[in-house]
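Spelled out from the first residue to the last, the chains are:
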Amino acid sequence: MMLNKAFSSICLGLGLASTAFSFSVAPSRIAMTPSSRFMTARFSAVVDDVSTESKSDKMTTLTVDGQPTAWECDEEAECVEVPACDEQDCRTSLDVRLHGQWYDLSGWRKAHPAGAHWIDWYDGRDATDVMDAFHSNKARNMYQRLPKSKPETAAVLDATVAPYSQTEINFRKLRDQLEADGWWERDFVHEAKLLAIWTSLVVGAGLTAQSAPPLSTLLLGLAMTNAGWLGHDYIHGVDKFSNFMRPFAAVAAGLGPTWWSDKHNKHHALTNEMGVDEDIATDPFLYPWAPDPKYDSPLRKIQHLIFYIPFSFLFALWRVDTLQVAVDSVETKRPDAKNELWFLLAHYFALLTFFPLQVWVPAVFLSGLMSAIIVTPTHQSEEYFEEYQSDWVTAQFRSTRNAVMTNPFSEWLWGGMQYQLEHHLFPSMPRSKYPQLKPILQKFAEENEVPGGYRESGEFEILYMNWDLYRRVAESEPVPGAPYSRGHGQLGAINLGFSPGAGGVGLGKLL
């Protein structure tokens, strides 16, 4: 309670509402795919055939005493059988496919360091490429210790889940080759240069805070934006240096790694999936598509004229979200939550000590404007999806467009986000590798005949495309039955069930 009161004071000092949403723009085309048994298992005729079998027979094992049991796992993926609990209190049915093998993760979900919601989302689905993208080698080897699904369960699920595409198979070969060639090794000279630039901006902002407040605001805004990109790289990273630098975003930018992982990784895993990806759920301030009349707002008609106002609130809202998640993480005892809270307190102590209000508050909004202009356009012009996309690799190509920079300052300011496709396919790879990775992915897209190929536009062209999307949506009439586009916080879209596959589509729901 005291933590909540303390952070409420900080939020009020920013003059912000605590509504949690982020500003990224959805694409202008909806990918309509035919319904099939491979899209969502709940509609599978195969599953209907086995629905007469008892749930306990399919989802639990039996002890010698004839009592049902379930799995319970620790953070090292060591699992033991325990008496089965009620389905209302814990999951007794949760099967996920990894590299062609189905695993029973009902006991692992609560031990998963990033939260149970990730495991729940992939119930009855394949999570191979997402798991590979986000995890270290240690974590990627741990899953093999987990209990395998029953053969009869695996057979049913295999009949309802799409087989691996050739693109997915070839992508995994490419990833293995890149790992063998050392693409995840950091260039520490490059890291030192980036940190030196950030340090220079902070020092410059501090030295001019009293004598030249406008200049100090500009320098501090640039430092905050730069700190966000650096922290973004370190939070995604899986190497030892990244683990050491993980608190950097909290100390330098006031952005918590736990909040960032919850929100941002969901965007990575489910890019442009309507009702799931919170980065495209921005109404009633910005509408990425014409809404249902009951969710419409007068602001939509002028959104292309006032977009810079909600853009400016991006960084401030991220900070509020961070504080809310940090307090909740301490109260729910998430890993390393208390240390993260101390890092955030250190950030605000430094901010309030060395910078006057008239400098750091405008800097927060300036940084928000710069950050939003950078993060919004790289997905907005591409497809977005009303159904779950089983081929994660192809979906990343279809939903992402790179920006080609025209000068060294833009190359630095965009912080690696100009290589958005490289980042989405290999989020844990150091961003310094992305320019060299670009021709490899261009060749991969051509050889695998990826729909739309490798997509890129000039930095000013892609910014215009972003603005033009807002203009076209502003001039459109509302569409009855249009997909829902309002954000509801970190897990709201999943919990509210606006996606056809919300919460997974495994046998637990089917039976």
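Heads up: the structure comes first, above all this text.
Below or above, wherever it landed, is the structure these notes cover. Everything numeric in this text was worked out from a predicted model, so none of it was measured.

1. Side note on the overall build of the chain
The number of helices and strands found in the chain is 26 helices and 10 strands. The proportion of buried residues among the 511 residues of the chain is 59%. In the chain, the share of contacts with a sequence separation of at least 24, taken over all contacts with a separation of at least 6, comes to 78%. For the chain, the exposed surface amounts to about 21400 Å²; the carbon and sulfur share of it is 60%.

2. Some words on the side chain of Ser106
Position of Ser106 relative to the elements: it lies in the loop between β6 (101-104) and α4 (116-121). Among the residues examined, Ser106 registers a relative accessible area of 8% and is labelled buried. One polar contact links Ser106 to Asp104, side chain to side chain, over a distance of 2.8 Å.

3. Considering helix α16 (residues 314-331)
An α-helical turn contains 3.6 residues, so a residue and the one three or four places further along point in the same direction. A rise of 1.5 Å per residue sets the reference length of α16, with its 18 residues, at 26 Å; its end C-alpha atoms lie 26 Å apart and thus fit the reference within 8%. Summarising burial for α16: 15 of the 18 residues are buried, a large majority. One or two steps after α16, the chain reaches Lys333, where phi turns positive at roughly 60 degrees.

4. Let's talk about the pattern of salt bridges
Note on pairing: side chains with opposite charge can pair once their charged atoms come close. Within the structure shown, the criterion is met by 20 salt bridges. When the shortest N-O distance is used, the salt bridge between Asp233 and Arg186 registers 3.2 Å. Linking Asp233 in helix α10 (residues 213-236) with Arg186 in the loop between α8 (166-180) and α9 (188-207), this pair joins segments that are 47 residues apart in sequence. One salt bridge in this structure joins Glu383 and Arg455, with 2.8 Å as the shortest N-O distance. Of the two residues, Glu383 sits in strand β8 (residues 383-385) while Arg455 sits in the loop between α23 (434-447) and β10 (456-458), which places them 72 residues apart along the sequence. Judged by relative accessible area, which is 8%, Arg455 ranks as buried. Each of Glu382, Glu383, Arg398, Arg401 and Arg455 takes part in a single network of salt bridges with overlapping partners.

5. Remarks on the sheet that holds strand β5 (residues 95-98)
One open sheet holds the 3 strands; their spatial order is β6-β5-β7, and the pairing between them is mixed. The sheet is open, and its two edges are formed by β6 and β7 (125-126), each paired on a single side. Pairing of β5 with β7, which is carried by 2 bridges, proceeds in the parallel orientation. From the neighbouring strand, Val96 faces β7, where its bridge partner is Arg125.

6. Examining the packing of helix α13 (residues 257-269) against α16
Packed helix pairs are characterised by how far apart their axes lie and by the angle those axes make with each other. Interaxial distance between α13 and α16 falls to 8 Å at its minimum, and their mutual angle equals 105 degrees. Classified by the angle their axes make, α13 and α16 are roughly perpendicular. Contacts between α13 and α16 pair Thr258, Trp259 and Lys263 from the former with Trp318, Asp321, Thr322, Val325 and Ser329 from the latter. For the contact of α13 with α16, a count of residues per class yields 3 nonpolar, 3 polar and 2 charged.

7. Some points on the pairing of β5
Along any regular strand the residues' side chains alternate between the sheet's two faces. Burial along β5 is two-sided: Asp95 and Arg97 and Val96 and Leu98, pointing in opposite directions, are all buried. Where β5 lies against β6, 4 bridges are found, and the strand directions are antiparallel. Paired with Val96 across the two strands is Tyr103, which belongs to β6.

8. What to know about unusual backbone geometry
Phi is positive for Asn272, which is not a glycine, with a value near 60 degrees. With a phi angle near 50 degrees, Glu449 is a residue other than glycine that sits in the positive phi range. By the secondary structure assignment, Glu449 is in the loop between α23 and β10. Given the relative accessible area of 69%, Glu449 is considered exposed.

9. Some thoughts on the side chain of Arg431
Inspection of the secondary structure puts Arg431 in the loop between α22 (420-425) and α23. Buried and unpaired, Arg431 has Asp233 as its nearest opposite-charge partner, separated by 4.9 Å. Apart from residues no more than four positions distant in its own chain, Arg431 is found in contact with Leu194, Trp229, Leu230, Asp233, Gly415 and Gly416.

10. A few points about the packing of aromatic side chains
Under the defined criterion, the tally for this structure stands at 20 aromatic pairs. Ring geometry for Phe311 versus Tyr470: centroids 6.3 Å apart, planes at 70 degrees, classification edge-to-face. One end of the pair, Phe311, is in helix α15 (residues 308-312); the other, Tyr470, is in helix α24 (residues 459-475), and 159 residues separate them in sequence. Accessibility expressed as a relative area gives 1% for Phe311, which makes it buried.

11. Description of α9
The first and last C-alpha atoms of α9 sit 28 Å apart over 20 residues, in line with the 28 Å expected at 1.5 Å per residue. Residues of α9 that are buried make contact with α10, α11 (240-245), α12 (248-253) and α21 (408-413). Two or three places before Val189, at the opening of α9, Asp187 has a side-chain oxygen 3.2 Å from that residue's backbone nitrogen.

Conventions we followed
- Residues numbered from 1 in each chain as written.
- Predicted model: local features only at pLDDT ≥ 70, side-chain atom pairs only at ≥ 80, totals over all residues.
- Heavy atoms only, no water.
- Helix = DSSP H or I, 4+ residues; strand = E, 2+ residues; numbered from the N terminus.
- Buried < 20%, exposed > 50% of the residue type's maximum accessible area, 1.4 Å probe, protein only.
- Contact = heavy atoms within 4.5 Å.
- Areas by Shrake-Rupley, 256 points an atom, 1.4 Å probe, with all protein chains shown as cover.
- Polar contact = N/O pair within 3.5 Å; in protein donor to acceptor, adjacent residues only side chain to side chain.
- Expected span 1.5 Å × (residues − 1).
- Salt bridge = Lys/Arg side-chain N within 4 Å of Asp/Glu carboxyl O.
- Pairing = 2+ DSSP bridges.
- Axes fitted to C-alpha atoms, helices over the stretch in contact; angles between N-to-C directions.
- Parallel < 35°, antiparallel > 145°, perpendicular 65-115°, else oblique.
- Nonpolar A, V, L, I, M, F, W, Y, C, P; charged D, E, K, R; others polar.
- Lys, Arg positive; Asp, Glu negative; His and termini not counted.
- Phe/Tyr/Trp six-rings, centres within 6.5 Å; stacked < 30°, edge-to-face > 60°.

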